[in-house]
Amino acid sequence: MTLPDLIGLLGVACVLFAYWALQTERLASEDWRFSAVNGIGAVLIMVSLFHTFNLASFVIEIVWLAISLYGLWKAWRKTGNI
């Protein structure tokens, strides 16, 4: 297993943790932490994709990151801080 693989797996863990926290109501979708963890996960997965590129996976991670950034922006607009 390479370092990029480990980084990618950490990203997957972030995304799965955020989804688990949402489903178990430990985080709300409006909570900035939900979007932050998803965004961090997407970035880490993209890092691993630079080592072993897959276009479809890269596209979905770009969109995942964009959605996460939108969520962070919404949370910042609502509260004024993150």
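Above this text you will find the structure in question.
Residues numbered from 1 in each chain as written. Predicted model: local features only at pLDDT ≥ 70, side-chain atom pairs only at ≥ 80, totals over all residues. Heavy atoms only, no water.

Once that is clear, we can look at the pattern of salt bridges. This model, assessed by the stated rule, comprises one salt bridge. As a salt-bridge pair, Arg33 and Asp31 come within 2.7 Å of each other at their nearest N and O atoms. For Asp31, a relative accessible area of 18% corresponds to the buried category. (Salt bridge = Lys/Arg side-chain N within 4 Å of Asp/Glu carboxyl O. Buried < 20%, exposed > 50% of the residue type's maximum accessible area, 1.4 Å probe, protein only.)

Looking now at the side chain of Ser35. Among the structural elements, Ser35 can be located in helix H2 (residues 32–51). Owing to a relative accessible area of 5%, Ser35 belongs among the buried residues under this scheme. Not counting chain neighbours up to four residues away, the residues in contact with Ser35 comprise Ser68, Gly71 and Leu72. (Helix = DSSP H or I, 4+ residues; strand = E, 2+ residues; numbered from the N terminus. Contact = heavy atoms within 4.5 Å.)

In this section: helix H3 (residues 55–79). Residues separated by three or four positions in an α-helix point in the same direction, a consequence of the helix having 3.6 residues per turn. Along its 25 residues, H3 runs 36 Å from first to last C-alpha, staying within 8% of the 36 Å computed at 1.5 Å per residue. Those residues of H3 lying buried are Phe58, Glu61, Leu65, Ser68, Gly71, Leu72 and Ala75. Sitting at the amino-terminal end of H3 is Asn54, which places a side-chain oxygen 3.1 Å from the backbone nitrogen of Ala56. (Expected span 1.5 Å × (residues − 1). Polar contact = N/O pair within 3.5 Å; in protein donor to acceptor, adjacent residues only side chain to side chain.)

What follows deals with the packing of helix H1 (residues 3–23) against H2. Running from amino to carboxyl end, H1 crosses H2 at an angle of 155 degrees, the nearest separation of the two axes being 7 Å. Regarding the angle of H1 to H2, the classification is roughly antiparallel. When you trace H1 past H2, the crossing you get is left-handed. Here Pro4, Ile7, Gly8, Leu10, Gly11, Val12, Cys14, Val15, Phe17, Ala18, Tyr19 and Leu22 of H1 lie close against H2, whose contacting residues are Phe34, Val37, Asn38, Ile40, Gly41, Ala42, Leu44, Ile45, Val47, Ser48 and His51. Counted by class, the contact of H1 with H2 contains 17 nonpolar, six polar and no charged residues. (Axes fitted to C-alpha atoms, helices over the stretch in contact; angles between N-to-C directions. Parallel < 35°, antiparallel > 145°, perpendicular 65-115°, else oblique. Left-handed = near helix turned anticlockwise from the far one by under 90°. Nonpolar A, V, L, I, M, F, W, Y, C, P; charged D, E, K, R; others polar.)

Read these as layout, nothing more, since geometry by itself doesn't imply function.
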